[in-house]
Amino acid sequence: MIINRSVGPVSLSTPVMTAMTQQIVSHRSKNFNLVVFRIIELLQLLFDTKQMPMLFTASGTGGLEAALVNTINKESRVLSLVTGYFGERFYNICKLFTDDVKKIEFKLGKAVDLDQLEKELKQNHYDAILITHNETATGVLNPLEKIIRVIKKNSSAFILVDAISSVGAVKIPFDELEIDVMVAAPQKALMSAPGLAILLASNRILRLERKTPSLYFNFKNMIHFMEKGSTTYTPCIPAIFALEAALEIIFQEGEEKVYQHHRDNAEFCRTELIKLGLQLYADSNFVSPTVTAVLLDDIMDPVEFKNTLEAKHNVMLSLDMDNQQSKMIRIGHMGLIPKAQMDYSIKNICECYKNLKLQYSN
Ligand SMILES: *Cc1c(COP(=O)(O)O)cnc(C)c1O
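Residue indices follow the written sequence of each chain, beginning from 1 at its first position. With the structure being a predicted model, the display of local features is reserved for residues of pLDDT at least 70 and the display and counting of side-chain atom pairs for 80 or more, all residues being used for whole-chain, interface and lining totals. Computation of side-chain values covers all heavy atoms of the structure but excludes hydrogens and water.

Trainee: Before we move on, can you summarise the pattern of salt bridges with the specific residues and values?
Mentor: Salt-bridge detection follows one rule: a side-chain nitrogen of Lys or Arg within 4 Å of a carboxyl oxygen of Asp or Glu. Summed over the entire model, instances satisfying the criterion amount to 20 salt bridges. Among the ionic pairs, R38 bridges to E248, the shortest N-O distance being 2.7 Å. One end of the pair, R38, is in helix α2 (residues 30–46); the other, E248, is in helix α10 (residues 237–253), with 210 residues separating them in the sequence. A salt bridge links K103 to E88, with the nearest nitrogen and oxygen atoms 2.9 Å apart. Taken together, the residues span a long stretch of sequence, with K103 in strand β4 (residues 101–105) and E88 in helix α4 (residues 85–95) at a distance of 15 residues. Type-normalised accessible area, obtained with a 1.4 Å probe on protein chains alone, sets the label of each residue: buried when under 20%, exposed when over 50%, and partly exposed for intermediate values. In this structure K103 comes out as partly exposed when scored by relative accessible area, which is 25%. Judged by relative accessible area, E88 falls into the partly exposed class, the value being 22%. Taken together, the salt bridges that share partners define one network made up of R38, E41 and E248. Working definition: helices are DSSP H or I runs of at least four residues, strands are E runs of at least two. Numbering for both runs from the N terminus.

This is how it looks when you write it as structure tokens:
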């Protein structure tokens with residue numbers, strides 16, 4: 001068995017796998033409605049929100065598109081805060097719906113710069129601002145609360161947050177932070193199966209009249225069905241069963257403990273890699289609780305490292321997002337990982353690195 005230390009989708013625990021293998025029921029049936037009501041209850045607890053969560057059958061990227069079509073139209077002025085590949089993706093989707101998108105790119109490995117953001121907001125008016133909370137490509141956790149504070153002080157723009165790889169690892173109180181649309185997905189730190197985009201929208205988004213037409217991604221239609229314990233169209237039913245099981249696990253364990261677990265694993269991972277002499281890619285003030293990115297020595301081939309680690313040590317990790325253009329390796333520590341498994345992963349990553357380095361220098 002290969003241990004999955006990639007940056008997602010994560011491997012599933014037995015209860016989540018079991019939940020997924022249940023017989024398919026109609027999404028208009030009582031039993032299904034009960035599952036959806038329970039998911040709504042748990043998601044509202046997770047996000048401290050009174051808003052109705054939405055479950056679209058789509059990958060996380062579909063969720064980003066849904067966030068945009070329900071918020072902007074072709075006249076909208078949008079500011080996109082880009083700290084890496086996933087910020088760039090949000091920006092690229094946005095460009096499909098309006099020509100007026102300004103992108104601020106921050107140095108890779110850095111977080112959003114608050115002064116630069118404030119300066120921009122004082123100079124220009126925006127209708128919406130796009131933020132990637134946890135930049136999975138660089139292992140940076142952006143300071144969401146501080147970013148929002150700067151925005152609220154200077155602008156009334158809608159705040160759209162890609163929280164796909166942070167939800168489940170960091171508390172995000174949706175109402176209190178005054179986020180307008182948040183996008184999550186189950187296959188990262190929520191430790192569930194892929195196939196869903198989980199969204200929340202503020203009342204000012206739900207009241208909006210002028211946005212981009214979309215049948216499938218219509219928030220109001222979805223909420224109408226969510227209130228009845230269902231979804232607008234046939235959802236990925238096994239993924240919904242899995243999500244319920246995964247959320248139950250989070251609350252059985254205790255939310256705070258799950259967050260602490262992520263922080264502890266991330267710190268353990270960083271400490272061991274630094275001991276090897278490797279450089280963290282992310283600014284040490286903004287390290288991610290779900291992804292650790294480091295650069296290998298110049299002499300090393302990351303593809304060879306990855307392949308050797310898989311073949312000889314049974315551990316899988318991720319390389320960079322640009323198809324091995326850099327020396328980056330990324331290690332995912334998402335979800336509740338048994339301690340022995342985490343220890344094994346890191347020990348073998350370190351061993352593999354030492355062995356390869358010895359080979360290269362001979
Ligand atoms: C994984 C991820 C996505 C994309 O999710 P898909 O389900 O693959 O579409 C988007 N944003 C971030 C930050 C991610 O980590």
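Resuming the write-up.
Trainee: How would you explain the sheet that holds β4 if you had to name every residue and give the values?
Mentor: Being paired, for any two strands, means DSSP has found at least two bridges between them. An order of β2-β10-β9-β8-β5-β3-β4 is seen for the seven strands of this open sheet, with the pairing classed as mixed. Each edge of the open sheet is held by one strand with a lone partner, namely β2 (54–57) and β4. Geometrically, the sheet is characterised by an average inter-axis angle of 20° between neighbouring strands, direction not taken into account. Sheet analysis places strand β3 (residues 78–82) next to β4, joined by five bridges and oriented parallel. In the strand pairing of β4, L81 is matched with I104. Helix axes are fitted to C-alpha atoms over the stretch in contact, other axes to C-alpha atoms as well, and angles between N-to-C directions run from 0 to 180 degrees.

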